Amino acid sequence: MALMDKHKQVKRQRLDRICEGIRPPILNGPMHPRPLVALLDGRDCTVEMPILKDVATVAFCDAQSTQEIHEKVLNEAVAALLYHTITLSRDDLEKFKGLRVIVRIGSGFDNVDIKAAAELGIAVCNVPASSVEETADTSLCLILNLYRRVTWMHQALREGTRASSVEQIREVAGGAARIRGETLGIIGLGRVGQAVALRAKAFGFGVIFYDPYLPDGVERSLGLQRMATLQDLLIHSDCVSLHCSLNEHNHHLINDFTIKQMRQGAFLVNTSRGGLVDEKALAQALKEGRIRGAALDVHETEPFSFSTGPLKDAPNLICTPHTSWYSEQASVEAREEAAREVRRAITGRIPDSLKNCVNKEYLMAASQWPSMEAATVHPELNGATYRFPPGLINVAAAGGLPGAGAGVESLVSGTLAHGIAPVSHPPRAPSPGQPNKAEADRDIPSDQ
């Protein structure tokens with residue numbers, strides 16, 4: 001019996017050698033590697049995978065810091081997708097050995113050190129247009145809420161307050177104001193700022209704005225009034241709405257000093273970035289009545305909690321959890337466009353093929369950029385997770401395919417080499433000076 005089995009084995013080996021030259025190539029598996037694309041701070045790749053599955057392997061990390069990202073992703077990922085819940089400093093960026101492009105799913109990119117990324121040879125992109133309408137609508141909703149005090153009237157009724165007589169109504173609705181004739185001051189007239197201005201005019205606001213980066217003449221095309229300085233805007237505004245990006249020059253743009261320049265009893269709205277407002281100064285101004293009311297969708301510390309921080313006892317305050325950017329449509333559009341930007345990076349040249357590269361001027365000064373060559377398929381890896389608790393190695397394949405987990409785990413233990421050679425980061429140069437903000441950089445919907 002053993003002799004017969006051995007004879008069959010020899011025969012099989014001979015047949016294999018004969019057919020070796022005519023077998024079709026194996027399309028799947030580690031012999032045909034592909035670039036690895038990682039979603040760093042999320043776990044749903046269902047929108048991105050159809051766009052990228054034929055040119056890349058898509059995995060998710062579900063991480064809140066680079067310490068939670070598996071070494072495999074740090075060593076092999078050539079592209080990273082991220083929302084606003086993870087921060088990439090220079091130290092974080094240096095952990096990635098082969099990274100060439102980062103795409104922020106949303107417009108704001110203050111959670112990525114774009115200068116350090118450029119010096120390390122990494123392009124940074126964003127999706128500036130996906131949530132313009134949602135953020136503008138939310139901004140106006142908050143403005144109207146402050147003027148008409150809907151939130152406080154609802155809360156009073158929930159607490160059992162009666163409003164049957166005129167006196168009771170006057171007490172419950174005290175502070176509600178007429179909108180027509182009020183002046184709305186917009187700081188940052190980018191995409192969202194312009195959308196808010198057009199909506200506010202329809203409600204009867206007079207709209208003024210301050211934006212030192214905007215070319216002359218835009219105010220005429222929109223029928224708005226431009227202020228020469230921030231102080232001019234603050235002095236003339238009944239309500240101030242923030243729609244500018246966050247950078248090292250405008251951190252705590254609204255502080256104790258600038259609040260004192262605002263009109264007594266003005267309103268403040270922020271759907272841009274939490275770091276623009278000094279929350280301690282705002283809380284004090286609300287308690288003293290210098291600011292009549294404030295509405296914040298973004299906060300200095302996120303996720304925000306009323307139980308901690310300087311705003312916990314502040315009166316006349318509306319807070320929402322960084323959601324002004326969100327709608328089902330906007331979320332899908334942002335993810336699709338981010339995936340298409342990654343695809344352009346993989347199939348084209350960086351940074352020339354990128355549509356929304358925010359550090360392109362730095363990259364152009366760096367060394368030559370080779371194109372990213374797409375390789376063949378690992379479809380069974382698409383949607384795999386690469387988030388590992390300290391000391392634990394465990395890879396779960398999405399979709400629950402039979403045997404997929406074992407297959408992926410075996411690949412993690414080995415080396416999944418992709419067709420792109422690791423990047424040799426260009427030598428570090430001194431950080432370039434702060435550039436003039438591009439128009440796409442001025443408005444930061446709180447998305448993301």
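We now turn to the structure provided with this report. Model, not experiment: these values are computed from the prediction.

## A word on the overall build of the protein
Secondary structure summary: the protein contains 17 helices and 13 strands in total. Going through the 448 residues of the protein one by one, you find that 52% of them count as buried. As displayed, the protein has an accessible area near 21300 Å², and 54% of this comes from carbon and sulfur atoms.

## Focus on the nonpolar core
In terms of nonpolar packing, the biggest core is built from 31 residues, with Val37, Leu81, Val101, Val342 and Leu354 touching the most fellow members. When contributions to this core are tallied by element, the ones reaching two or more residues are strand 1 (36-39), helix 2 (49-52), strand 2 (57-60), strand 3 (77-82), strand 4 (101-104), strand 5 (123-125), helix 14 (328-347) and helix 15 (360-364). It is helix 14 that contributes the most residues to this core, 6 residues altogether. Those residues within four positions of Leu354 in sequence are excluded, and the remaining contacts are Val101, Ala123, Cys125, Glu341, Ala345 and Arg349.

## Let's talk about the layout of surface pockets
Its boundaries defined by the atoms lining it, the largest pocket holds a volume of some 420 Å³. Taken together, 20 residues line the largest pocket, and the ones lying closest to its centre are His84, His299, Glu300, Glu302 and His322. Residue composition of the lining of the largest pocket, by class: 4 nonpolar, 10 polar and 6 charged.

## Some words on helix 6 (residues 132-148)
Here helix 6 spans 24 Å end to end across 17 residues, near enough to the 24 Å set by a 1.5 Å rise per residue. Two residues or fewer past helix 6, Arg149 is found with a positive phi of approximately 55°.

## Things to note about the packing of aromatic side chains
According to the stated counting rule, one finds 4 aromatic pairs in the structure shown. Pairing Tyr147 with Phe205 gives two aromatic rings, centres 5.5 Å apart and planes at 75°, and the pair type is edge-to-face. Taken as a pair, Tyr147 in helix 6 and Phe205 in the loop between helix 9 (191-202) and strand 7 (206-210) lie far apart in primary sequence, 58 residues in all. The burial state of Tyr147 is the same as that of Phe205; both residues are buried. Taken together, a centroid distance of 5.3 Å and an interplanar angle of 85° make the contact between Trp325 and Tyr326 edge-to-face. With a relative accessible area of 13%, Trp325 lands in the buried category. In this structure an aromatic cluster arises from ring pairing among Tyr147, Phe205 and Phe267. Stacked on the ring of Trp152, the Lys or Arg Arg149 has its end atom at 4.4 Å from the ring centre.

## Notes on the sheet that holds strand 6 (residues 183-187)
Spatial strand order, 8-7-6-9-10-11-12: 7 strands in an open sheet with parallel pairing. What marks the edges here is a single partner per strand, and that holds for strand 8 (225-226) and strand 12 (317-319). Sheet topology places strand 6 next to strand 9 (residues 239-242); 4 bridges connect them, and they run parallel. Across the sheet, the residue bridging to Leu184 is Cys239, located in strand 9. Against the sheet, helix 6 contacts strand 6, strand 9, strand 10 (266-270), strand 11 (291-296) and strand 12, and its axis sits at roughly 155° relative to strand 10.

## Description of the environment of Thr347
Assignment of secondary structure puts Thr347 in helix 14. Residues Thr347 and Val55, spaced 292 residues apart in sequence, show a C-alpha to C-alpha distance of 7.9 Å. In this structure the side chain of Thr347 is engaged in a polar contact, spanning 2.8 Å, whose partner is the backbone oxygen of Arg343.

## Structural notes on the packing of helix 6 against helix 7 (residues 150-158)
Packing of helix 6 against helix 7 leaves a shortest axis separation of 6 Å and a crossing angle of 60°. Judged by the inter-axis angle, helix 6 sits oblique to helix 7. Across the interface between the two elements, Asn145, Leu146 and Arg148 from helix 6 touch Val150, Thr151, Trp152 and Met153 from helix 7. Classifying every residue of the contact of helix 6 with helix 7 by side-chain character gives 4 nonpolar, 2 polar and 1 charged.

## A few points about the side chain of Asn247
Note on placement: Asn247 falls in the loop between strand 9 and helix 12 (256-261). Classification of Asn247 as buried rests on a relative accessible area of 11%. From its side chain, Asn247 meets the backbone nitrogen of His249 in a polar contact 2.8 Å long.

## What to know about the pairing of strand 11
Of all the 6 residues making up strand 11, 5 are buried; the element is thus mostly covered by neighbouring parts of the structure. In this structure, strand 10 lies alongside strand 11, joined through 5 bridges in parallel fashion. Within strand 11, the residue paired with Leu268 across the bridge is Ala294. The handedness of the strand 10 to strand 11 crossover, carried by helix 13 (residues 279-288), is right-handed. In terms of strand pairing, strand 11 meets strand 12 through 3 bridges, oriented parallel. By the bridge assignment, Ala295 is partnered in strand 12 with Ile318.

## Overview of unusual backbone geometry
Cis geometry is adopted by the peptide bond preceding Pro303, which originates at Glu302 and carries an omega value of 5°. Geometrically, the link from Ile350 to Pro351 is a cis peptide bond, its omega value of 0° lying close to zero. For Pro351, the location among the structural elements is in the loop between helix 14 and helix 15. The backbone phi angle of Asn316 is positive, close to 50°, even though this residue is not glycine.

## Some words on the packing of helix 6 against helix 9
Look at helix 6 against helix 9: their axes get within 9 Å of each other, and the N-to-C directions meet at 50°. Relative to helix 9, helix 6 is oriented oblique. Seen from above, helix 6 lies across helix 9 with right-handed handedness. Each of Val132, Glu133, Thr135, Ala136, Asp137, Ser139 and Leu140 in helix 6 lies in contact with helix 9, whose residues at this interface are Arg191, Val192, Ala195, Val196, Arg199 and Ala200. Its residues placed into classes, the contact of helix 6 with helix 9 shows 7 nonpolar, 2 polar and 4 charged.

Rules used in this analysis
- Residues numbered from 1 in each chain as written.
- Predicted model: local features only at pLDDT ≥ 70, side-chain atom pairs only at ≥ 80, totals over all residues.
- Heavy atoms only, no water.
- Helix = DSSP H or I, 4+ residues; strand = E, 2+ residues; numbered from the N terminus.
- Buried < 20%, exposed > 50% of the residue type's maximum accessible area, 1.4 Å probe, protein only.
- Areas by Shrake-Rupley, 256 points an atom, 1.4 Å probe, with all protein chains shown as cover.
- Core = buried A, V, L, I, M, F, W, Y, C linked by side-chain atoms within 4.5 Å.
- Contact = heavy atoms within 4.5 Å.
- 1 Å grid on protein atoms, 1.4 Å probe; cavity = no way out; pocket = protein on both sides within 12 Å on 5 of 7 lines; lining within 4 Å.
- Points joined across faces, edges and corners; volume = space filled by probe spheres on them.
- Nonpolar A, V, L, I, M, F, W, Y, C, P; charged D, E, K, R; others polar.
- Expected span 1.5 Å × (residues − 1).
- Phe/Tyr/Trp six-rings, centres within 6.5 Å; stacked < 30°, edge-to-face > 60°.
- Lys NZ or Arg CZ within 6 Å of the ring centre and 35° of its normal.
- Pairing = 2+ DSSP bridges.
- Axes fitted to C-alpha atoms, helices over the stretch in contact; angles between N-to-C directions.
- Polar contact = N/O pair within 3.5 Å; in protein donor to acceptor, adjacent residues only side chain to side chain.
- Parallel < 35°, antiparallel > 145°, perpendicular 65-115°, else oblique.
- Right-handed = clockwise from strand over helix to strand, strands pointing away.
- Left-handed = near helix turned anticlockwise from the far one by under 90°.

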